[in-house]
Amino acid sequence: MFLLLKYTLLYTVVLMLVALGGMFSERSGIINIALEGIMVIGGLAGVIAIQLMPEGASAFTIVFFSILTAGIAGMVYAALLAFASINLNADQTIGGTALNMLATALAMVIAKGFNGSASAKLDYSNRAFIYDIGPLTVNVFLFVGLAILVLSYFVLYKTRLGLRLRACGEHPQAADSVGINVYKMRYTGVLISGVLGGIGGMAYIIPSVSSWNFEVGVSGAGFLALAVMIFGQWKPFRIFFAAIFFAMFKSLANIASSIPMMASLGWTQNMYNMIPFIASMIILAFTSKKSRAPKAEGIPYDKGSR
Amino acid sequence: MDNKNKSSFGERIASSGAFVSVAASLICIVLGLALGLIALAIINVEHAWNDGLMVIITSGLKSPRNMGTVLANAAPLIMTGLSVGFAFKTGLFNIGAAGQYTLGAFGALYCAIVWQLPWYLCLLAAMVLGALWGAIPGLFKAYLNINEVITAIMFNWIGLYLVNDIMYGKGKSPMYDISTTKTFSLRKAAPDSMIPSWGMSDYFGKLQSVTIAIFIAIFFAIVVYVVLSRTTFGYELKACGFNKHAAQYAGINDKRNIVLSMTIAGALAGVGAGLYYLSTVAEWNPQVSTALPAMGFNGISAALLACSNPLGTIFSSLFISYITVGGTKLSTQYYTKEIADVITALIIYLCAFSLLFKNKIRAALMGKARRIQVGKGGDD
């Protein structure tokens, strides 16, 4: 039971962080399908940062600087998407897909180069990230994630920036007419999504294992987060609950074989893995009519067409 | 006299979409290779040119065997490229080619290993299952108005888990070879289901995976080209892509066409998987559920590089296959083979700007033409 809780907490934080990232981007009007790639890059940067920490660095130093590195790496990578889709009016889905492909290849090249061997597997110590509270193991990302959730809600709904961001995702022409710089707002949205995606990628990789083979990227977690975001209807707290739901099934896939009652059902890991995807499709089918997707997402903003 | 000819020629070229498209793609390729060279230099500056870029862009032709590998990998890539390109032409983004490919692989391998059917029936099974998996996002789009990209991404993973579950069957599936941890090799388990080589492998260093698959793929490319540009059906599909409402107004059933487009796109991707696995280029590993087949996503690259033109897809696929093979020939002492993937991905990222390149090329050509005309006017 604790195992289930542990994994659910772990995945909830990951999916929530990345989905919140997606939310900021899409609320500003840019479809961010590159989340998967951003996670890979962020995770890689975080892992390398941990390895490069000087011997005897305090746990806080390690955690703080590696998360910072992951966030910055994600942001820089997301800037590529922002540049293509905001400055050059490129198709956002295509740009994002290219970045996803690039991320996996790039991560393998960098990981192998860093290793100096033919293996893209990086080892690291995750001791600084994990705490035992009674029988439960939690990782530092839980606290980071909850803080970011509250912060996201606050920024999106209670600040001027949030209001402007949302305006750009709904009706950029109107936003522009009252003096909001649409390009700047969209950049902000995409860059925030890069930071959150990068941290999310690290949160996916670091806490559960102490070595990661970058050949697998993040195995679809970024796409799952995209589903979480839609399921959460582009709203922070709904995204949080959607993340819990998705995380539970993903955890079941991991631990089903070790729980006797569930093992007797005879379900395979693949089946549990399938469930969140099927569930999100069913829910999408029922809710599509009243979907609250930002109205202007995916459409390059053209000042001239106002 | 001379000037006059030149000016009209320049303008003709500028207004010809094909030339501008090809030029834009070539720019993407050259820039991508240049960025790749920079990446190689960052990793190891001494060997970047001779042992890096030159290996990537010459290895494919170095030996008959390498050429064979290029062809064997290009055939399925042409199909997934056609799949994505076909959907693009009808205004849809088929990111689900990877999932349709997965289902196609299952169809082909199941018919081959379990039922021992002849290869063309296996290929048909691949096509049908791919079409089914393509139809789903089409149905969701047409009747529930859900973006096909989202549905396709979900069904990519559903398909992968489903297929792996059946093929692995907890290790007891009739398709699963415990000794290799992959599906049974068709060369031993079902030689009749292999796509015939017609003696082609003799020309390519006895590489058994060189089969008539490449011709089948080219045949499909021509069919798709004819359907899209020479038939009413193709015109209707494209009309829906250009402007759904206008098409509706003109009496075209747009819902039916969306479903049909995705179904056909899925069928093409499914055939691609059939060509790959029935040519025994590799076996399927059902125990890896963490990554979708790269062929599906490379299809996006092939289609984009060819500006979705079916005939162009043949060449873009050959090119991508060519540099990928080149990447595998890099000396592991200096570089890793994924550098080739980096270059492909960079090229595709640049392709996202191809509209910009096209406008620049057009402007440059038109500008030149106009200058010449102005000069001529002064002479008179």
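Scoring rules and cut-offs
- Residues numbered from 1 in each chain as written.
- Chains lettered and ligands numbered in written order.
- Predicted model: local features only at pLDDT ≥ 70, side-chain atom pairs only at ≥ 80, totals over all residues.
- Helix = DSSP H or I, 4+ residues; strand = E, 2+ residues; numbered from the N terminus.
- Rg over C-alpha atoms; globule rule 2.2 N^0.38 Å.
- Buried ≥ 20, exposed ≤ 12 C-beta atoms within 10 Å, placed from the backbone.
- Contact = placed C-beta atoms within 7 Å.
- Domains from an automatic or database assignment.
- Nonpolar A, V, L, I, M, F, W, Y, C, P; charged D, E, K, R; others polar.
- Pairing = 2+ DSSP bridges.
- Axes fitted to C-alpha atoms, helices over the stretch in contact; angles between N-to-C directions.
- Parallel < 35°, antiparallel > 145°, perpendicular 65-115°, else oblique.
- pLDDT = per-residue confidence, 0-100.
- Left-handed = near helix turned anticlockwise from the far one by under 90°.
- Core = buried A, V, L, I, M, F, W, Y, C linked by C-beta atoms within 7 Å.
- Expected span 1.5 Å × (residues − 1).

Turning to the overall build of chain A, a few remarks are in order. A tally of regular secondary structure across chain A gives 12 helices and 4 strands. A compact globule built from 306 residues would reach a C-alpha radius of gyration of about 19 Å, and chain A, at 19 Å, matches this within 12%. Overall, the C-alpha framework of chain A stretches about 60 × 45 × 35 Å when taken along its three principal axes. Taken across its 306 residues, chain A has 54% of its residues classed as buried. Looking at chain A alone, contacts between residues at least 24 apart form 80% of all its contacts between residues at least 6 apart.

What follows concerns the overall build of chain B. The helix and strand inventory of chain B stands at 17 helices and 2 strands. For 380 residues, the compact-globule estimate of 2.2 N^0.38 gives 21 Å, and the C-alpha radius of gyration of chain B, at 23 Å, lies within 12% of that figure. Taken along its principal axes, the extent of the C-alpha atoms in chain B is 85 × 60 × 40 Å. In chain B, buried positions account for 57% of the 380 residues.

All names here are of chain B. Domain annotation for chain B reports domain 1 (1-47 + 336-380) and domain 2 (65-330). For domain 1 versus domain 2, the separation of C-alpha centres amounts to 30 Å. At the interface, 12 residues of domain 1 touch 11 residues of domain 2. No other element matches helix α16 (residues 338-351), which puts 8 residues into the side of domain 1 that touches domain 2. Residue classes in the side of domain 1 that touches domain 2 are distributed as 7 nonpolar, 3 polar and 2 charged.

Residue and element names in this part refer to chain A. Of note in this structure, Q233 is not a glycine but carries a positive phi near 55 degrees. Note on placement: Q233 falls in the loop between α9 (221-231) and α10 (236-255). Classification of Q233 by C-beta neighbours within 10 Å gives partly exposed; the count is 15. The backbone phi angle of W234 is positive, close to 60 degrees, even though this residue is not glycine. Checked against the element boundaries, W234 lands in the loop between α9 and α10.

All names here are of chain A. Both strand β2 (residues 130-133) and strand β3 (residues 136-139) contribute to a ladder of 4 bridges, which runs antiparallel. Residue pairing for β3: D132 is matched across the bridge by T137. Linking two consecutive strands that pair antiparallel, namely β2 and β3, is a turn of 2 residues; a positive phi of about 60 degrees is found at G134 within it.

We now examine the packing of helix α10 (residues 213-230) of chain B against helix α11 (residues 232-242) of chain B. All names here are of chain B. At a closest axis distance of 5 Å, the pairing of α10 and α11 adopts a crossing angle of 75 degrees. Regarding the angle of α10 to α11, the classification is roughly perpendicular. In this structure, α10 uses V227, L228 and S229 to contact α11, whose residues at the interface are F233, G234 and K238. Each residue belonging to the contact of α10 with α11 can be placed in one class, and the counts come to 3 nonpolar, 2 polar and 1 charged.

This part covers the confidence of the model for chain A. In the predicted model, chain A carries a mean pLDDT of 86, and 96% of its residues have values of at least 70. Mean pLDDT across the elements of chain A ranges from a minimum in helix α11 (residues 260-263) of chain A, with 66, to a maximum in helix α8 (residues 182-205) of chain A, with 94.

Our next topic: the interface of chain A and chain B. Every contact between the two is made by 39 residues of chain A and, on the other side, 38 residues of chain B. Secondary-structure elements contributing two or more residues to the side of chain A that touches chain B are α4 (92-115), α9 and α12 (269-287) of chain A. Sorting elements by how many residues they give to the side of chain A that touches chain B places α4 of chain A first, with 14 residues. Here the residues of the side of chain A that touches chain B are counted per class, giving 25 nonpolar, 12 polar and 2 charged.

To continue, consider the environment of K89 of chain B. Here K89 of chain B lies in helix α4 (residues 64-89). Beyond its immediate stretch of four places on either side in the chain, K89 of chain B contacts L228, K238, G241 and S308 of chain B.

Time to look at the packing of helix α5 (residues 97-113) of chain B against helix α14 (residues 294-305) of chain B. Residues and elements named next belong to chain B. The interhelical angle for the contact between α5 and α14, taken along N-to-C directions, is 135 degrees, at an axis separation of 7 Å. Comparing the axis directions of α5 and α14 gives the class oblique. The hand of the α5/α14 crossing is right-handed. Between α5, through A97, A98 and Y101, and α14, the contact on the second element is made entirely by M295, G296, F297 and G299. In terms of residue class, the contact of α5 with α14 is made up of 5 nonpolar, 2 polar and no charged.

Our focus in this paragraph is the nonpolar core. Among the nonpolar cores identified, the biggest contains 237 residues, and L15, A19, L102 and V228 of chain A together with A108 and L278 of chain B are the most heavily contacted of them. If you tally residues by element for this core, the top one is helix α13 (residues 254-278) of chain B, at 15 residues. There are two domains that each give this core at least three residues, and those are domain 1 (1-47 + 336-380) and domain 2 (65-330) of chain B. Other than its neighbours up to four places away in sequence, L278 of chain B contacts A108, A112, W119, C122, L123, L186, S193, M194 and I195 of chain B. With 7 residues, the next largest nonpolar core counts A167, A175, M185 and Y301 of chain A among its residues.

Attention shifts here to helix α6 (residues 160-170) of chain A. Among the residues of α6 of chain A, L165, R166, A167, C168 and G169 of chain A are the ones counted as buried. For α6 of chain A, the secondary structure elements touched by its buried residues are α1 (2-27), α5 (140-158), α7 (172-177) and α8 of chain A.

The α-helix advances 3.6 residues per turn, and as a result positions three or four apart in sequence lie on the same side. If you check helix α2 (residues 17-43) of chain B, its first and last C-alpha atoms are 39 Å apart, about what 27 residues at 1.5 Å a residue would give, namely 39 Å. Residues V20, A24, S25, C28, I29, G32, G36 and L40 of chain B constitute the buried set of α2 of chain B.

Here we come to the confidence of the model for chain B. Residues shown with low pLDDT carry predicted positions that ought not to be read at fine detail. All names here are of chain B. Chain-level statistics for chain B give a pLDDT mean of 84 and a share of 92% at 70 or above. Taking the mean pLDDT of every element in chain B, the minimum, 55, falls on helix α1 (residues 2-15) and the maximum, 93, on α10. Across the whole predicted complex the pTM is 0.86, and at the interface the ipTM reaches 0.82.

It is worth spelling out the environment of F357 of chain B at this point. All names here are of chain B. On the secondary structure map, F357 appears in helix α17 (residues 354-379). Through-space distance from the C-alpha of F357 to that of V20 is 8.8 Å; in sequence the pair is 337 residues apart. Excluding its chain neighbours within four sequence positions, the residues that come into contact with F357 are A24 and I27.

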